[in-house]
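Here are the chains, one letter per residue:
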Amino acid sequence: MSGLATICVGRRGCGKTTVSKNLLNKRPKEMPVIIYDVNQEYLDYYPEPFLDFEVFLNKIVDPKIKHHYILIEEATIFFSTASNYEEMRNVLVRARHTGNIIHLNFHSFRSVPKNIYELLDYVIVFKTNDSEKSVMDKFDHPVVIAAFKEAQQSEDKYFNKTVSLY
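The structure presented is a predicted model; accordingly, all values stated were derived computationally and were not measured. (Residues numbered from 1 in each chain as written. Predicted model: local features only at pLDDT ≥ 70, side-chain atom pairs only at ≥ 80, totals over all residues. Heavy atoms only, no water.)

Visitor: Please set out the pairing of strand E1 (residues 4–9) residue by residue, giving values where relevant.
Guide: By the criterion of burial, E1 is predominantly enclosed, with 5 of the 6 residues buried. Both E1 and strand E4 (residues 101–106) contribute to a ladder of 6 bridges, which runs parallel. Paired with Ala 5 across the two strands is Ile 102, which belongs to E4. (Buried < 20%, exposed > 50% of the residue type's maximum accessible area, 1.4 Å probe, protein only. Helix = DSSP H or I, 4+ residues; strand = E, 2+ residues; numbered from the N terminus. Pairing = 2+ DSSP bridges.)

Visitor: Kindly report on the packing of aromatic side chains, identifying the contributing residues and their values.
Guide: How two aromatic rings sit relative to each other is set out by the distance from centre to centre and by the angle between their planes. Counted by the stated rule, this structure contains 8 aromatic pairs. Their ring planes at 85° and their centres at 6.0 Å tell us that Phe 109 and Phe 148 sit as a pair that is edge-to-face. Of the two residues, Phe 109 sits in the loop between E4 and helix H4 (114–117) while Phe 148 sits in helix H6 (residues 142–153), which places them 39 residues apart along the sequence. Note on Phe 109: relative accessible area 1%, which makes it buried. (Phe/Tyr/Trp six-rings, centres within 6.5 Å; stacked < 30°, edge-to-face > 60°.)

Visitor: Residue-level account of the nonpolar core, with values.
Guide: The biggest cluster of nonpolar side chains holds 51 residues, and the ones touching the most others in it are Ile 60, Ile 72, Phe 78, Phe 79, Leu 104, Phe 109 and Val 123. Membership of the second largest hydrophobic core comes to 5 residues, among which are Cys 14, Val 19, Ile 124 and Phe 126. (Core = buried A, V, L, I, M, F, W, Y, C linked by side-chain atoms within 4.5 Å.)

Visitor: Any details on empty space enclosed by the protein? Residues and values, ideally.
Guide: Summed over all chains, the structure comprises 1 cavity of 30 Å³ or more. Roughly 80 Å³ of volume is contained in the largest cavity. Lining the largest cavity are Ile 35, Tyr 36, Asp 37, Gln 40, Leu 43, Tyr 46, Glu 48, Pro 49, Phe 50, Leu 51 and Phe 56. In the lining of the largest cavity, the residues fall into 8 nonpolar, 1 polar and 2 charged. (1 Å grid on protein atoms, 1.4 Å probe; cavity = no way out; pocket = protein on both sides within 12 Å on 5 of 7 lines; lining within 4 Å. Points joined across faces, edges and corners; volume = space filled by probe spheres on them. Nonpolar A, V, L, I, M, F, W, Y, C, P; charged D, E, K, R; others polar.)

Visitor: Mind laying out a negative patch on the surface, listing which residues take part and the relevant values?
Guide: A cluster of acidic residues, Asp 52, Glu 54, Glu 86 and Glu 87, forms a negative patch at the surface. Here Glu 87 shows up in helix H3 (residues 82–98). For Glu 87, a relative accessible area of 33% gives the class partly exposed. (Patch = residues over 30% accessible without salt bridge, like charges linked within 9 Å, V, L, I, M, F, W, Y side chains within 5 Å. Areas by Shrake-Rupley, 256 points an atom, 1.4 Å probe, with all protein chains shown as cover. Salt bridge = Lys/Arg side-chain N within 4 Å of Asp/Glu carboxyl O. Lys, Arg positive; Asp, Glu negative; His and termini not counted. Charge placed at Lys NZ, Arg CZ, Asp CG, Glu CD.)

Geometry only, nothing functional implied.
What follows is the structure in structure tokens.
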């Protein structure tokens, strides 16, 4: 399986963790995982002790990490400083060469850096607390905007839609 990058964007309690676990279950069985799990919700998948942010970041930027499923539950944390931003950008750029699958969960479209968004393959859109204007100002992809509108209008609090950015 070649590398790819996906984000889930949705407010708390909308089902991001459930969808993320479903995707983990669909990965090739031999594919190891590395998970940044602030809330300890993925212990069945990654029973390792919780790592300090900097230690985790150093682990995933190691060029020897290949063909892994890397899940970051609270991705906003990773983009709080310029150096971390560049490191994560490099992880995403190298995903196709390393065969890594990168999966990032965000609570809001506002939290997703534009230059990160441009490196993604898929966006899984849930209900968010973003305004339509803020999403349209930041992301000009018509399929993402349509999925955002559909999620906001849905009566289903767990509504989600996966869109390809190709």
